[in-house]
Amino acid sequence: MTLLIAGLVLFIVTHLIRPFAPGLRDAGIAALGKPAWMALHGIVSLASLVLIAYGFVEARANGGAMLYYPPTFMAHIALTLMLIASICLVAGFLPAGHIRTKLKFPILVAIKIWALAHLLANGESYSVLLFVTILAWAVILRISLKKRIAAGETKLPVFVSAKNDLIAVVVGLALYVVIVFWLHEWVIGVAPMA
């Protein structure tokens, strides 16, 4: 699980710089310029995701202790939750509709639902490590965003059109189908519907 842990540490460090070390971020932007800093952050983020995915597959291949045995029906609940997560994820990238304005940060909601759904369906030590870590990160980031809103550093989305909700549902459903029937097995090696 070394690669998985390394990927998670790299992910957490790079994604909590802004809330916990804003001076480091500001110094990086001052030294490199914002485009170069963003590019560097993006490359390191991508590297962390590759490490996490590869480390997870490797940990699964080597086996891991079962921390709990979820009942079979939990897989069905997880699949249902993932549909909701897919819609929330898409809504986060669109101009604000009702979904985005009500959830405030729908991408974080999607990540939390994703992590919870996978914790319900997987009890292996490497699965629990991955999903608890990502869930904790999303909760910490949400708390940080709430503080940034209160300080006036960021703003909540303003409603634009309900049409964006329809787009979020349709594209979210399409994304869900791609993930469930193809992408999940291709990236992770597990077919969710099997």
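Presented here is an overview of the structure given in this document. Along every chain, residues carry numbers that run from 1 in the direction the sequence is written. Local features in this predicted model are restricted to residues of pLDDT 70 or higher, and side-chain atom pairs are both shown and tallied only at a pLDDT of 80 or more, whereas totals for entire chains, interfaces and linings draw on every residue. By convention in this description, side-chain values take in all heavy atoms of the structure and omit both hydrogens and water.

1. Notes on the pattern of salt bridges
Note the cut-off: We count a salt bridge whenever a side-chain nitrogen from Lys or Arg sits within 4 Å of a carboxyl oxygen from Asp or Glu.
Scanning the entire structure with this criterion turns up one salt bridge. Put simply, Arg-148 and Glu-153 hold a salt bridge, and the shortest N to O gap is 3.7 Å.

2. Structural notes on the environment of Phe-93
This is how it is decided: The secondary structure listing takes helices from DSSP runs of H or I that are at least 4 residues long and strands from runs of E that are at least 2 residues long, numbered from the N terminus. Any residue under 20% of the maximum accessible area for its type is buried, any over 50% is exposed, and the rest in between are partly exposed; the area is computed with a 1.4 Å probe on protein chains only.
Of note, Phe-93 is situated in the loop between α5 (73-91) and α6 (98-103). The class of Phe-93 is exposed, set by a relative accessible area of 63%. Along the chain, Phe-93 and Pro-106 lie 13 residues apart, while their C-alpha atoms are 8.8 Å from each other.

3. Let's talk about a nonpolar patch on the surface
For clarity, the cut-off: Patch construction takes residues with relative accessible area above 30% that form no salt bridge. Like charges are linked within 9 Å, and nonpolar side chains (Val, Leu, Ile, Met, Phe, Trp, Tyr) are linked within 5 Å. Accessible surface area values rest on a Shrake-Rupley calculation with a 1.4 Å probe, where residue burial reflects the displayed protein chains alone.
On the surface, Leu-173, Val-177, Val-178, Phe-181, Trp-182, Trp-186, Val-187 and Met-193 cluster together into a nonpolar patch covering about 850 Å² of accessible area. Structurally, the position occupied by Phe-181 is in helix α9 (residues 163-188). Phe-181 sits in the exposed class, given a relative accessible area of 54%.

4. Brief notes about the nonpolar core
Put simply, the test is: By convention a nonpolar core is built from buried Ala, Val, Leu, Ile, Met, Phe, Trp, Tyr and Cys residues, the set being connected through side-chain atoms within 4.5 Å. We call two residues contacting when some pair of their heavy atoms lies within 4.5 Å.
One finds Leu-4, Leu-108, Leu-130, Ile-134 and Trp-137 to be the most contacted residues of the largest nonpolar core, which totals 22 residues. Mapped by element, the contributors of at least two residues to this core are α1 (2-15), α4 (34-62), α7 (106-121) and α8 (125-150). No other element matches α8, which puts nine residues into this core. Contacts of Trp-137, omitting those with residues within four sequence positions, involve Phe-11, Ile-12, His-15, Leu-16, Leu-108 and Ile-111. Counting residues in each nonpolar core, the second largest holds 11 residues, with Leu-79, Met-82, Ile-113 and Tyr-176 among its members.

5. Concerning the packing of aromatic side chains
Working definition: an aromatic ring pair is given by the centre-to-centre distance plus the angle between the planes. We apply this condition: Stacked, tilted and edge-to-face pairs are distinguished by plane angle, under 30 degrees for stacked and over 60 for edge-to-face with tilted covering the rest, among Phe, Tyr and Trp rings (Trp via its six-membered ring) whose centres lie within 6.5 Å.
Per the counting criterion, the structure on display carries five aromatic pairs. Ring centres of Phe-56 and Tyr-126 lie 5.3 Å apart, and the angle between their planes is 75°; this geometry places the pair in the edge-to-face category. Of this pair, Phe-56 sits in helix α4 while Tyr-126 sits in helix α8, and the two are 70 residues apart along the sequence. With relative accessibility at 8%, the residue Phe-56 sits in the buried group. Taken together, the ring pairs connect Phe-56, Trp-114, Tyr-126 and Phe-131 into an aromatic cluster.

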